[in-house]
Amino acid sequence: MEDTYHRPDQKTLQALKDMANKLRIDSIESTNTAGSGHPSSCCSMAEIMSVLFFHTMRYKVSEPRDVSSDRFILSKGHAAPILYAAWAEAGHEKFPVSELGKLRTFGSDLEGHPTPRLDFVDFATGSLGQGLSCACGMAYTGKYFDKASYRVFCVIGDAEAAEGSVWEAMNFASHYKLDNLCAIFDVNRLGQSDPTMLEHDFDTYKKRTEAFGWNTLVIDGHDVEAVCKAFYEAKTTKDRPTAILAKTYKGKGVEGVEDLENYHGKALGDKGKAAVEKLKEGLSDDKHNLGPQPVVDDAPAVDLSPGTIKLSEPPSYKIGDKVAVRKAYANGLIKLGKTCDRVIALDGDTKNSTYSLDYRKAFPGRHIECFVAEQNMVGVAMGCAARGRAITFTSTFAAFFTRTFDHLRMAAVSQTSANFCGSHCGVSIGVDGPSQMALEDIGMFRSIPNCVVFYPSDAVSCERAVELAANYKDMTFIRATRGNTPVVYKNDEQFEIGKAKIVRESDKDSVLVIGAGVTLIEAIEAAKELEKEDIKIRIMDLFTMKPIDKEAIIQHAKACGGKILTVEDHYPEGGLGEAVIAVVAKEKGVIVETLAVREIPRSGPGDVLLDQYGIGARTIVKTVKSM
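Residues numbered from 1 in each chain as written. Predicted model: local features only at pLDDT ≥ 70, side-chain atom pairs only at ≥ 80, totals over all residues. Heavy atoms only, no water.

## Some remarks on the side chain of Asp 541
Selection rule: Secondary structure counts use DSSP, requiring at least four H or I residues in a row for a helix and at least two E residues in a row for a strand, with both numbered from the N terminus. Classification of residues uses two cut-offs on accessible area relative to the type maximum, computed with a 1.4 Å probe and protein chains only: under 20% is buried, over 50% is exposed, and between them is partly exposed. Counted charges follow a simple rule, with Lys and Arg positive, Asp and Glu negative, and His plus the chain ends left uncounted. One side-chain nitrogen of Lys or Arg within 4 Å of one carboxyl oxygen of Asp or Glu is enough to make a salt bridge. In protein, a polar contact requires one atom able to donate a hydrogen and another able to accept it; more generally it is a pair of N or O atoms within 3.5 Å, and residues adjacent in sequence count only if both atoms are side-chain atoms. Note on contacts: a residue pair qualifies if any of its non-hydrogen atoms lie within 4.5 Å across the two residues.
Looking at where Asp 541 falls in the secondary structure, it is placed in strand E16 (residues 537-541). Although buried, Asp 541 forms no salt bridge, and the nearest oppositely charged side chain, Lys 501, lies 8.7 Å from it. Of note is the side chain of Asp 541, whose polar atom sits 2.6 Å from the side chain of Tyr 489. Of note is the side chain of Asp 541, whose polar atom sits 3.2 Å from the backbone nitrogen of Phe 543. In this view, Asp 541 contacts Tyr 455, Ser 457, Tyr 489, Ala 500, Lys 501, Val 503, Gly 515 and Leu 520; residues no more than four positions away in its chain are not counted.

## What about the pairing of strand E7 (residues 343-347)?
To be explicit about the condition: Note on pairing: two strands pair once DSSP finds at least 2 bridges between them.
Among the five residues that make up E7, five are buried, leaving the element largely enclosed by the rest of the structure. The alternating pattern of E7 places Val 343, Ala 345 and Asp 347 on one face and Ile 344 and Leu 346 on the opposite face, and all of these are buried. Relative to strand E9 (residues 391-397), E7 is paired through five bridges, and the arrangement is parallel. If you follow Leu 346 over to E9, its bridge partner there is Thr 394. Pairing between E7 and strand E8 (residues 367-369): three bridges, direction parallel. Within the sheet, the bridge partner assigned to Ala 345 lies in E8 and is His 367.

## Observations regarding the layout of surface pockets
Just so we agree on the cut-off: Using a grid of 1 Å spacing that covers the protein atoms alone, one calls a set of points a cavity when a 1.4 Å probe fits there but cannot get out, and a pocket when the set is open and has protein on both sides within 12 Å along at least five of seven lines; lining residues are those with an atom within 4 Å of a point. Grid points are joined across faces, edges and corners, and a volume is the space filled by probe spheres set on the points. When residue character is reported, Ala, Val, Leu, Ile, Met, Phe, Trp, Tyr, Cys and Pro are called nonpolar, Asp, Glu, Lys and Arg charged, and the others, Gly included, polar.
One number sums up the size of the largest pocket: a volume of about 670 Å³. In terms of lining, the largest pocket is formed by 27 residues, of which the most central are Thr 56, Arg 58, Phe 231, Tyr 232 and Lys 235. Where the lining of the largest pocket is concerned, the elements lending two or more residues are helix H3 (46-56), helix H5 (131-145) and helix H8 (224-236). Ranked by residues supplied to the lining of the largest pocket, first place goes to H8 with four residues. In terms of residue class, the lining of the largest pocket is built from eight nonpolar, ten polar and nine charged. Considered as a void within the structure, the second largest pocket measures approximately 500 Å³ in volume. Elements with a minimum of two residues in the lining of the second largest pocket: helix H13 (374-385) and helix H16 (459-470).

## Things to note about the sheet that holds E9
The condition is simple: Geometry is summarised by axes, namely lines fitted to C-alpha atoms with helices restricted to the contacting stretch, and by angles between N-to-C directions that run from 0 to 180 degrees.
Read across the sheet, seven strands follow the order E8-E7-E9-E10-E12-E11-E17 without closing on themselves; strand pairing throughout is mixed. Edge positions in the sheet fall to E8 and strand E17 (544-546), since each of these pairs with one other strand and no more. The sheet shows a mean angle of 20° between the axes of neighbouring strands, taken without regard to direction.

Fair warning: the whole summary comes from geometry, so function is off the table for now.
Rendered as structure tokens:
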């Protein structure tokens, strides 16, 4: 231990008790004014918040996202009112206590659950079980990249501890010895509709957290001195994260509500008003000097401004050479890594397939193995990227991102800049079978707000997609083909987000064929066959599925007599075809035929499956003739 624990003096302890009750009062009053909210869930954690924000944490009220300040994540996002109250009581200029009455009103950033519209919120929470993963990413960054003094605190509800992603995060944190991370479990015994699975069975909680390798402390969560001591012990514990299991009571301090069911998610009305009067009577008259502890300004300066991250050298391929797009993804990452030491790759034990292993070999300290725990991996990536500390690229099989959809949609609400790459997409992967074939991923990522969806068709376009993704302010997804495909573009070809490419055209084109990835190559082969019969087609490579190049599609469709054929290695729902149909829906004289995978596929050689499921060159030829 660095030194011995010094118990706070009686005046400080009383001030912390008073602050806890002020936070209760603020939470009850703001939710009563709003007519909704979760005051009972706030009341159980009042002492925890008081000690954290007014005795333990080092942070700057004037600069909530200061890079050297301690981080706080409220995983149980429904307790947002007490988070808002803590910052208001700490002196946040934009949100004084008088502003708390605007909770849940349209136009106020004090929303029902926290979002980064608030400068003191790093991640949107409220979909439960996700906060600890983000905290892990922040703690990993603090310990291994920033090598700074800041610590990371995450408050987790006992009900959300049933989520598997919480235990994925606990596994990760202990494996990487994140001793700068402290998880506080607010064990208030009651869930939304019933008591929680373990209620107040602290023996079981302790066995579980210790089995996951955490330093575990069981405390009375309403005893401010016990809370103070627990945070001190967490700070002085080395090589292990700390889990504080706080025994609390939902609705603490509210007569007729405390530790009773059926008060989740409800304003407390008259019972709340009575509790506020009683709590105010119990406040001492002493002035207090509570506030954040001073920050140790030792996090290094990092500049990741959009437009500044470049490939160290341009792509270097020969047209016609066969290169796997997933391999080009790694090549692009390595080139970025040569120019920026804050490019971080993450993977879920598929790095020898996604080729992120190549990046780890080039830059061993900049690759995070997240193991087979994809939900946690998404949160860790968000945590690493937060506050502009890193540019993250997270890879796995595209199919496995589907299990993380909730985390990805929350990542969008969190305004993350994290980048994701999914390999092994579509039936073209071949014999591994349908469990490994991503056939829903384009639709999934297209549905996520502000997310750019790249679908590079060759090695050159993939390297440029990686570069563009690194400089984009919001989330991106890169769909990377597994098999070797021919290089289509010259090394000096320029690419832009939302701009399509025409890879084959003439003034006699009768159909505009739009492909992507492997189906672009099939379309090129089909064009060669059709040309033998003097049928010419124009071939478009969208490059980005979202945003889609509406102007180019309409322009080239009209140049081809208003006929479009889309071909995709994806189910029809949410994919390339539907995206194109939406673009031309109001255009007169334009018709669209779509080729897509229309049934659950089975194992087989990739070229056989492309043909079998109607997205290969043979079917393209047949369909163009019918059009």
